[in-house]
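An overview of the molecular structure
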Amino acid sequence: MTNKIIAFALAAALALAGPACSRRGDRQGSGDEAATALATSPGGGRGPGRGAGLGPRDGRGRGRVRAWDPDESIQLAETELGAIDLRTALVSARPVSSHLEAMGKILASPFLKAIVSYPFPARIAEIHVRPGDWVRTGQEVVTLQSETVGEAKSDYFKALADAELAKSSYEREKRLFDRGAGAGKNLQAAEAELKVAQASLEAAEKKLHILGFTEEQVKTAAEIHEVNPLNTLYAPITGRIVDNTMSLGAMVDQSTEILTILDPRRVCVDANIYERDIAKIRKGQEVEVTVPAYPDLVFKGEIQYIGDILNEETRTITVRTQVENEGFNLKAGMFASLRILLGRRTKALTIPLEAVLDDGDLKLVFVKKDGQFFPREIKAGITMDGHIEVLSGLSEGDEVVTTGSFQLKSKLYEEILKGSHVH
């Protein structure tokens with residue numbers, strides 16, 4: 001019985017002492033809790049003066065470590081200002097355009113690319129160009145030696161001779177008939193032979209054209225009557241030789257690609273646009289293209305083709321942009337980033353892109369005022385030409401820090417750390 005009374009008394013004493021210990025722990029442990037929050041929060045700590053509290057803004061979002069007080073500021077000493085390359089810019093209103101971003105791949109324009117080949121078996125006798133050479137339309141590129149060419153030339157010369165003989169016979173019979181010294185049946189026979197000879201000549205000439213001979217070459221062959229198996233191929237377009245896998249003496253046929261000529265002055269960029277954005281796209285829209293190899297260059301183009309078939313797996317359509325390729329910097333096969341300009345809007349507040357810092361999932365800038373620097377959380381819109389649209393958080397004419405903002409952020413957190421130790 002005595003033991004039960006003692007146990008009940010101890011339990012009552014502990015129950016009464018608990019709240020007092022908790023209140024005393026709250027008062028004594030406030031600094032420890034701040035230090036704990038600072039250690040566990042990416043940007044934690046209470047700022048000097050009227051800084052906002054620690055921890056996520058809503059208790060749920062990851063990375064939201066502070067809600068910045070608009071009156072919170074830092075001030076740099078003269079030595080600190082001298083050590084930082086501090087530059088500023090004014091918040092200004094400028095025209096901006098909404099746009100749609102997409103990834104694409106650069107392709108050679110199908111209308112500016114040509115493959116030089118030959119439809120009959122032949123051997124390469126001479127190569128007149130090398131990869132990288134710029135050629136003009138009609139310029140000699142390769143000479144082939146083909147038995148088929150030799151036979152075709154021989155047939156053409158024979159047909160030409162037969163046609164000349166048949167013409168001469170017809171003219172003789174006609175003169176005799178006109179004088180009354182010739183028979184009508186002889187004239188008819190001569191006329192028939194002439195028509196047959198002319199048809200054979202046309203067939204032989206067409207065979208030479210099929211083999212790649214031009215009208216001028218056929219005319220020259222008829223004049224010199226030289227039977228040889230050589231045939232020269234010419235560039236069908238103006239451009240650069242980009243591929244030549246053949247060597248002297250190599251055999252070619254209808255499946256062989258002897259040379260590839262590409263005009264690199266214009267290229268195409270194919271991008272896949274999601275189904276939800278199809279209604280925003282139309283032919284002729286202006287497009288800005290950038291590539292990793294030249295991040296500071298922007299290539300201008302316009303939409304030339306919008307696909308008619310939706311890819312059911314990716315729910316996208318193909319949109320083709322034609323881009324002027326001055327300097328030949330864009331190469332077929334490169335990956336590219338596209339910004340499709342959807343339309344002009346009214347002026348909006350903008351600041352240089354380098355003025356914006358990432359603070360968790362917030363956008364932060366520093367505003368310079370009366371020699372002090374105030375952190376401001378902003379809501380950002382679209383980016384364009386090195387500037388970013390400001391939807392909220394700044395006013396026109398505010399002076400924001402561009403170069404040196406990272407150092408200011410480090411200084412601000414340094415003071416936050418000092419403030420947490422003071423408390």
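So, here's what we can say about the structure. Computed from a predicted model, the values in this text were never measured in an experiment.

**Some words on the nonpolar core**
- One finds I124, L144, Y156 and I258 to be the most contacted residues of the largest nonpolar core, which totals 42 residues.
- For this core, the secondary structure elements donating two or more residues are β3 (113-116), β4 (122-127), β6 (140-145), α4 (147-179), α5 (184-210), α6 (215-224) and β10 (259-262).
- When residues of this core are assigned to their parent elements, the largest contribution, nine residues, is made by α4.
- One finds A102, I106, V267 and V291 within the second-largest nonpolar core, a separate group that totals 20 residues.

**Comments concerning the pattern of salt bridges**
- Counted by the stated rule, this structure contains twelve salt bridges.
- Where K158 meets D162, a salt bridge forms, and the shortest distance between an N and an O atom there is 3.2 Å. Taken together, the residues span about one helical turn, with K158 and D162 both in helix α4 at a distance of four residues.
- Residue D162 is classed as partly exposed on the basis of its relative accessible area, which comes to 35%.
- With a shortest N-O distance of 3.9 Å, E191 and K195 are connected by a salt bridge. Separated by four residues within a single helix, E191 and K195 lie in helix α5, roughly one turn from each other.
- Using a relative accessible area of 31% as the deciding quantity, one classes E191 as partly exposed.
- Residue K195 is classed as exposed on the basis of its relative accessible area of 54%.

**Re the sheet that holds strand β5 (residues 134-135)**
- Taken in spatial order, the four strands of this open sheet run β3-β10-β8-β5, and their pairing is antiparallel. Every interior strand has two partners, whereas the edge strands, β3 and β5, have only one.
- As judged from the four bridges shared by β3 and β10, these two strands associate in the antiparallel manner. Of the residues in β10, the one forming a bridge with A114 is I261.

**Comments concerning α5**
- The end-to-end C-alpha distance of α5 is 39 Å, a good match for the 39 Å that 27 residues give at a rise of 1.5 Å each.
- The complete set of buried residues in α5 reads L187, A190, L194, A197, L201, A204 and L208.
- In the core, the buried residues of α5 are packed alongside α4 and α6.
- Note on α5: the residue one or two positions beyond its end, G212, has a positive phi of about 110°.

**Regarding the side chain of T350**
- Mapped onto the elements of the fold, T350 is located in strand β15 (residues 335-352).
- Assessed through its relative accessible area of 2%, T350 is described here as buried.
- Leaving out residues up to four positions away in the same chain, T350 has contacts with L90, V91, S92, R94, V96, H387, I388 and E389.

Cut-offs applied
- Residues numbered from 1 in each chain as written.
- Predicted model: local features only at pLDDT ≥ 70, side-chain atom pairs only at ≥ 80, totals over all residues.
- Heavy atoms only, no water.
- Core = buried A, V, L, I, M, F, W, Y, C linked by side-chain atoms within 4.5 Å.
- Buried < 20%, exposed > 50% of the residue type's maximum accessible area, 1.4 Å probe, protein only.
- Helix = DSSP H or I, 4+ residues; strand = E, 2+ residues; numbered from the N terminus.
- Salt bridge = Lys/Arg side-chain N within 4 Å of Asp/Glu carboxyl O.
- Pairing = 2+ DSSP bridges.
- Expected span 1.5 Å × (residues − 1).
- Contact = heavy atoms within 4.5 Å.

Note that all results are geometric; they support no functional claim without further evidence.
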